[in-house]
Amino acid sequence: MITIKTKKDIEVMKVGGKILKKTLSQVAQIIKPGIDGLTLDNFAYKFITENNCIPAFLNYKANFMSTPFPATLCVSKNNVIVHGVPSKKLILNDGDIVSIDCGLSYKNLYVDSAITVCVGKVDSKTKKLIKSIKDSLNQAIRVAKAGNTIGDIGYAIQKQVESDGFNVIRELVGHGVGYQLHEEPEIYNFGIKNSGIKLKPGYILAIEPMATFDKTIVTQNDDDEFVTGNDQVSAHFEHTIAITDKEPIVLTK
């Protein structure tokens, strides 16, 4: 069942979204070669809690996970697509890319967002991949309007990424969000125009395109991290958006 959020809910989620945006921006600013994942995670936890919010990922267990997630951030380096576990041993080196994914709860309403950050000097092909995914998220948001469909969102992502010469991750999805961290519907990163569930005002969606250079087998390791099958890099962006009777509202921008 897809839940409909009220205008009051959306106003609260705007506040949470601003705090989440600041969290990711602050984390991005301290990323540099040599920093470790635990340092990033501790920084985010402190920032979120000092702003009267609750880290949504910490001790959260989704139905696909074997154990609760132990951290505030997902820190996914290079071939880790999503759900990377931050630790002191996870060192970011010059030339790496890292996806920083974070969710929080503000006044019992959840928002979710992710960015991919370059560590030091990154090669031009990888930079193009990152730009393509960011562009695909913008294209998806443009079509996320009442009356359009989930398929329209997936089509917009797929068209942008594939026209840039890259490959969308099909096994992992975006989702509804708001009253819980993960809600219906699932938002695929590929699709057919005018197919699937029609969007309605009050739907809140976490749209999160992920892509790699080429097609890959996605596997889940013992830490519940999802990784590429051939160690190629992947990148990831995400925004929480509200469907309205006019233009969509990007709550985490």
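In short, a report on the structure.

Cut-offs and rules
- Residues numbered from 1 in each chain as written.
- Predicted model: local features only at pLDDT ≥ 70, side-chain atom pairs only at ≥ 80, totals over all residues.
- Heavy atoms only, no water.
- Helix = DSSP H or I, 4+ residues; strand = E, 2+ residues; numbered from the N terminus.
- Rg over C-alpha atoms; globule rule 2.2 N^0.38 Å.
- Buried < 20%, exposed > 50% of the residue type's maximum accessible area, 1.4 Å probe, protein only.
- Areas by Shrake-Rupley, 256 points an atom, 1.4 Å probe, with all protein chains shown as cover.
- Pairing = 2+ DSSP bridges.
- Axes fitted to C-alpha atoms, helices over the stretch in contact; angles between N-to-C directions.
- Polar contact = N/O pair within 3.5 Å; in protein donor to acceptor, adjacent residues only side chain to side chain.
- Contact = heavy atoms within 4.5 Å.
- Salt bridge = Lys/Arg side-chain N within 4 Å of Asp/Glu carboxyl O.
- Phe/Tyr/Trp six-rings, centres within 6.5 Å; stacked < 30°, edge-to-face > 60°.
- Lys NZ or Arg CZ within 6 Å of the ring centre and 35° of its normal.
- Core = buried A, V, L, I, M, F, W, Y, C linked by side-chain atoms within 4.5 Å.

1. Re the overall build of the protein chain
Okay, step 1: Helix and strand counts for the protein chain stand at four helices and 15 strands.
Okay, step 2: The C-alpha atoms of the protein chain give 17 Å as radius of gyration, which agrees with the globular expectation for 253 residues (18 Å, within 12%).
Okay, step 3: Counting across all 253 residues of the protein chain, residues that qualify as buried make up 56%.
Okay, step 4: Of the roughly 11,700 Å² of accessible surface on the protein chain, 51% is carried by carbon and sulfur atoms.

2. A closer look at the sheet that holds strand E12 (residues 226–228)
Okay, step 1: Read from one edge to the other, the open sheet built from three strands follows the order E3-E12-E11, with strand pairing classed as antiparallel. If you trace the sheet from one side to the other, it starts and ends with strand E3 (80–82) and strand E11 (218–220), each paired once. Between one strand axis and the next, the sheet turns by 40 degrees as a mean value, whatever way the strands run.
Okay, step 2: Of the strand pairs in this sheet, E3 and E12 are connected by two bridges, and their pairing is antiparallel. Of the residues in E12, the one forming a bridge with Val80 is Val227.

3. Considerations on the side chain of Ser132
Okay, step 1: Checked against the element boundaries, Ser132 lands in helix H3 (residues 124–143).
Okay, step 2: Residue Ser132 is classed as buried on the basis of its relative accessible area, which comes to 1%.
Okay, step 3: A distance of 2.7 Å separates polar atoms of two side chains, one belonging to Ser132 and the other to Asp164.
Okay, step 4: Those residues in contact with Ser132, other than ones at most four positions away along the chain, are Gln160, Val161, Asp164 and Phe166.

4. With respect to the pattern of salt bridges
Okay, step 1: On inspection of all chains with the given rule, the structure shows seven salt bridges.
Okay, step 2: In this structure, Glu50 engages Lys46 in a salt bridge whose closest nitrogen and oxygen atoms are separated by 2.8 Å. Placement of the pair is Glu50 and Lys46 together in helix H2 (residues 37–50), with a separation of four residues, close to one helical turn.
Okay, step 3: Residue class for Glu50 comes out exposed when judged on its relative accessible area of 53%.
Okay, step 4: For Lys131, the salt bridge goes to Asp135, with nearest N and O atoms at 2.7 Å. Within this pair, Lys131 and its partner Asp135 are both found in helix H3, separated by four residues, close to a single helical turn.

5. Brief notes about the packing of aromatic side chains
Each aromatic ring pair is specified by the distance between its two centres and by the angle formed by the two planes.
Okay, step 1: Tallied over the full model, the rule gives four aromatic pairs.
Okay, step 2: Each ring, one from Phe57 and one from Phe69, has its centre 6.5 Å from the other, and the planes form 90 degrees; the classification is edge-to-face. Placement of the pair is Phe57 in the loop between strand E1 (54–55) and strand E2 (73–77) and Phe69 in the loop between E1 and E2, with a sequence separation of 12 residues.
Okay, step 3: Owing to a relative accessible area of 7%, Phe57 belongs among the buried residues under this scheme.
Okay, step 4: Its end group placed over the ring of Phe213, Lys125 keeps NZ or CZ at 4.4 Å from the ring centre.

6. Re the nonpolar core
In summary, soluble globular proteins display a tendency toward joint burial of nonpolar side chains.
Okay, step 1: Of all hydrophobic cores here, the largest spans 31 residues; its most connected members are Ile31, Leu40, Leu73, Val98, Ile100 and Leu104.
Okay, step 2: Residues contacting Ile100, with those up to four places away along its chain left out, are Leu24, Val27, Ile31, Leu40, Leu73, Cys74, Val75, Ser113, Ala114 and Ile115.
Okay, step 3: Ranked by size, the runner-up nonpolar core spans 28 residues in total, among them Ile130, Ile157, Ile207 and Phe213.

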